[in-house]
Amino acid sequence: MVMPFKVPPAWSLVLVGLVLNILAIVMSSVVLDRLSAQIATLAEQKDENIYSIQLAWSSVETLERKREAILLHLSQVGDDKIDDALQTALQGQLSAWLGGSVPPINRENLSPLMMQINQAQQGYRNQIDDYYLKNLTITEVMAALNEKIAWYKNIGLFLQVFGLTLILARDLARKP
């Protein structure tokens with residue numbers, strides 16, 4: 001004995017279709033907006049890191065210019081003593097960039113001065129590396145969030161289409 005297939009009432013199909021459409025709208029407005037906000041925050045962090053990289057690189061270049069200025073000045077002075085006012089100005093400039101005390105600028109202290117500049121530049125290069133690695137991590141997280149957004153959009157579209165199909169089934173369920 002074969003039991004006939006019983007079709008649910010049309011109003012129940014419409015109700016399920018409406019619920020699926022409402023669920024798709026809620027998912028789009030809440031979940032996708034939250035994920036998009038996370039991506040925007042990450043993009044802002046990435047931009048800040050890029051700006052910090054540019055600042056650190058500018059500092060490396062500035063220290064290189066200061067190194068060149070010291071070498072040029074020492075080559076022009078020869079064995080003569082540097083003017084005290086100039087000595088104070090050069091030491092002040094270097095100490096501000098090197099973050100510490102600077103020995104008197106003369107040929108005897110040239111090697112320690114160059115080493116201090118090298119260390120400061122290496123510190124900035126390490127910062128650049130750190131920011132770059134952070135940006136790589138942020139890019140990976142953003143890619144994962146974009147995949148998640150695509151998945152939710154596909155699910156939302158499926159729910160909308162299926163819900164509309166159920167709503168249209170009401171018209172097909174009418175008997176002539």
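The structure this text deals with has already been given above.
Just so it is clear, the model here is predicted, and its values are computed rather than measured. (Residues numbered from 1 in each chain as written. Predicted model: local features only at pLDDT ≥ 70, side-chain atom pairs only at ≥ 80, totals over all residues. Heavy atoms only, no water.)

1. Focus: helix α1 (residues 10-77)
We count it as follows: Per the convention used, a helix needs a DSSP run of H or I reaching at least four residues, while a strand needs a run of E reaching at least two, with both numbered from the N terminus. Every helix has an expected span of 1.5 Å times one less than the residues it contains. One axis fitted to the seven residues ending at a residue, another fitted to the seven starting there: the angle between these axes is the bend at that residue.
Its 68 residues place the ends of α1 99 Å apart at the C-alpha level, agreeing with the 100 Å of an ideal helix rising 1.5 Å per residue. Residue Met27 marks the point of greatest curvature in α1, where the axis turns by about 25°.

2. Overview of helix α2 (residues 84-98)
Keep this limit in mind: Burial classes: relative accessible area under 20% of the type maximum marks a residue as buried, over 50% as exposed, and values in between as partly exposed (1.4 Å probe, protein chains only). What the arc measures is the spread of directions leading from the helix axis to the C-beta atoms.
The end-to-end C-alpha separation of α2 is 20 Å, in line with the 21 Å expected for 15 residues at 1.5 Å each. Residues of α2 that are buried: Gln87, Leu90, Leu94 and Leu98. Viewed end-on, α2 has its buried residues packed into an arc of 75°, placing them on one side of the element. Across α2 from its buried face, at more than 90 degrees, point the exposed residues Ala85, Thr88 and Ala96.

3. What about the environment of Gln91?
What counts here: Residue contacts are defined here by distance: any two heavy atoms, one from each residue, within 4.5 Å place the two residues in contact. The definition of a polar contact used here is a pair of N or O atoms within 3.5 Å, where within protein one atom must be able to donate a hydrogen and the other to accept one, and adjacent residues in sequence count solely through side-chain atom pairs.
Residue position: Gln91 is located in helix α2. Each C-alpha atom, one on Gln91 and one on Ser52, is 26 Å from the other, the two residues being 39 residues apart in sequence. Contact partners of Gln91, with chain neighbours within four places excluded, come to Val102, Pro103, Pro104 and Ile105. In terms of polar contacts, Gln91 uses its side chain to reach the backbone carbonyl oxygen of Val102, at 2.8 Å.

4. Remarks on the packing of aromatic side chains
Inclusion rule: When the centres of two rings from Phe, Tyr and Trp lie within 6.5 Å, Trp using its six-membered ring, the rings pair. Their planes under 30 degrees apart give stacked, over 60 give edge-to-face, and anything left gives tilted.
For the structure on display, the rule yields two aromatic pairs. Aromatic pair Trp151 and Tyr152: ring centres 5.1 Å apart, planes at 80°, arrangement edge-to-face. Ring centres of Phe158 and Phe162 lie 5.8 Å apart, and the angle between their planes is 10°; this geometry places the pair in the stacked category. Taken together, the residues span about one helical turn, with Phe158 and Phe162 both in helix α3 (residues 110-173) at a distance of four residues. According to the relative accessible area criterion, Phe162 is partly exposed, its value standing at 40%.

5. Regarding the pattern of salt bridges
Under the convention used in this document: The rule for a salt bridge is simple: a side-chain nitrogen of Lys or Arg has to be within 4 Å of a carboxyl oxygen of Asp or Glu.
This model, assessed by the stated rule, comprises two salt bridges. A salt bridge links Glu64 to Arg67; the shortest N-O distance between them is 3.3 Å. Here Glu64 pairs with Arg67, and both are found in helix α1, just three residues apart, close to one helical turn. For Arg67, a relative accessible area of 11% corresponds to the buried category. Glu68 is the salt-bridge partner of Arg65, the closest N and O atoms lying 3.1 Å from each other.

Functional significance is not addressed by these values, which are geometric in nature.
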